[in-house]
Amino acid sequence: MVSLFGYADEIGPTTLIIVGFLLFVFPEPATSALGAGLMLFGVAYWFWAWNRP
């Protein structure tokens, strides 16, 4: 049986990427820059947490 507890490590980076994308597409320069930064941080966090015990 599949447990959702095993996917808890992916919730944080995925949320950062989604929120960053939403801020990126909002037509305001400040939110677009913040969104791009959040997306980059989310991707970096996702790769850092990948295959960690």
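Note that the coordinates shown come from a computational prediction; the quantities given were computed from them, not determined experimentally.

(A) Expanded view of the overall build of the protein. A tally of regular secondary structure across the protein gives two helices and zero strands. A globule of 53 residues ought to have a C-alpha radius of gyration of about 10 Å, yet the protein, at 13 Å, is considerably larger. The C-alpha extent of the protein, read off along each of the three principal axes, is 45 × 20 × 10 Å. Looking at the 53 residues of the protein, the share that counts as buried comes to 11%. Long-range pairs, those at least 24 residues apart, make up 38% of the contacts in the protein with a sequence separation of at least 6. About 4500 Å² of surface is accessible on the protein, with carbon and sulfur atoms providing 76% of the total.

(B) Molecular detail of helix α2 (residues 29-49). With 21 residues, α2 extends 30 Å from end C-alpha to end C-alpha; this agrees with the ideal 30 Å at 1.5 Å per step. Looking only at α2, the buried set comprises S32, G35 and G42. Taken down its axis, α2 places every buried residue within 85 degrees of arc, on the same side. For α2, the exposed residues set more than 90 degrees away from the buried face come down to P29, A30, A33, L34, L40, F41, F47 and W48. Where α2 terminates, the next one or two residues include N51, which has phi positive at roughly 60 degrees.

(C) Looking closely at the packing of aromatic side chains. Tallying each qualifying case throughout the model produces three aromatic pairs. For the pair F41 and Y45, a centre-to-centre distance of 6.2 Å together with 20 degrees between the ring planes defines the contact as stacked. On the criterion of helical spacing, the pair formed by F41 and Y45 is a turn pair, its members being four residues apart in helix α2. Look at F47 and W50: their rings are 5.8 Å apart centre to centre, the planes differ by 50 degrees, and that puts the pair in the tilted class. Of the two residues, F47 and W50, both sit in the exposed class. Joined through ring pairs, the aromatic side chains of F41, Y45 and W48 make up one cluster.

The rules behind the values
- Residues numbered from 1 in each chain as written.
- Predicted model: local features only at pLDDT ≥ 70, side-chain atom pairs only at ≥ 80, totals over all residues.
- Heavy atoms only, no water.
- Helix = DSSP H or I, 4+ residues; strand = E, 2+ residues; numbered from the N terminus.
- Rg over C-alpha atoms; globule rule 2.2 N^0.38 Å.
- Buried < 20%, exposed > 50% of the residue type's maximum accessible area, 1.4 Å probe, protein only.
- Contact = heavy atoms within 4.5 Å.
- Areas by Shrake-Rupley, 256 points an atom, 1.4 Å probe, with all protein chains shown as cover.
- Expected span 1.5 Å × (residues − 1).
- Arc of directions from axis to C-beta.
- Phe/Tyr/Trp six-rings, centres within 6.5 Å; stacked < 30°, edge-to-face > 60°.

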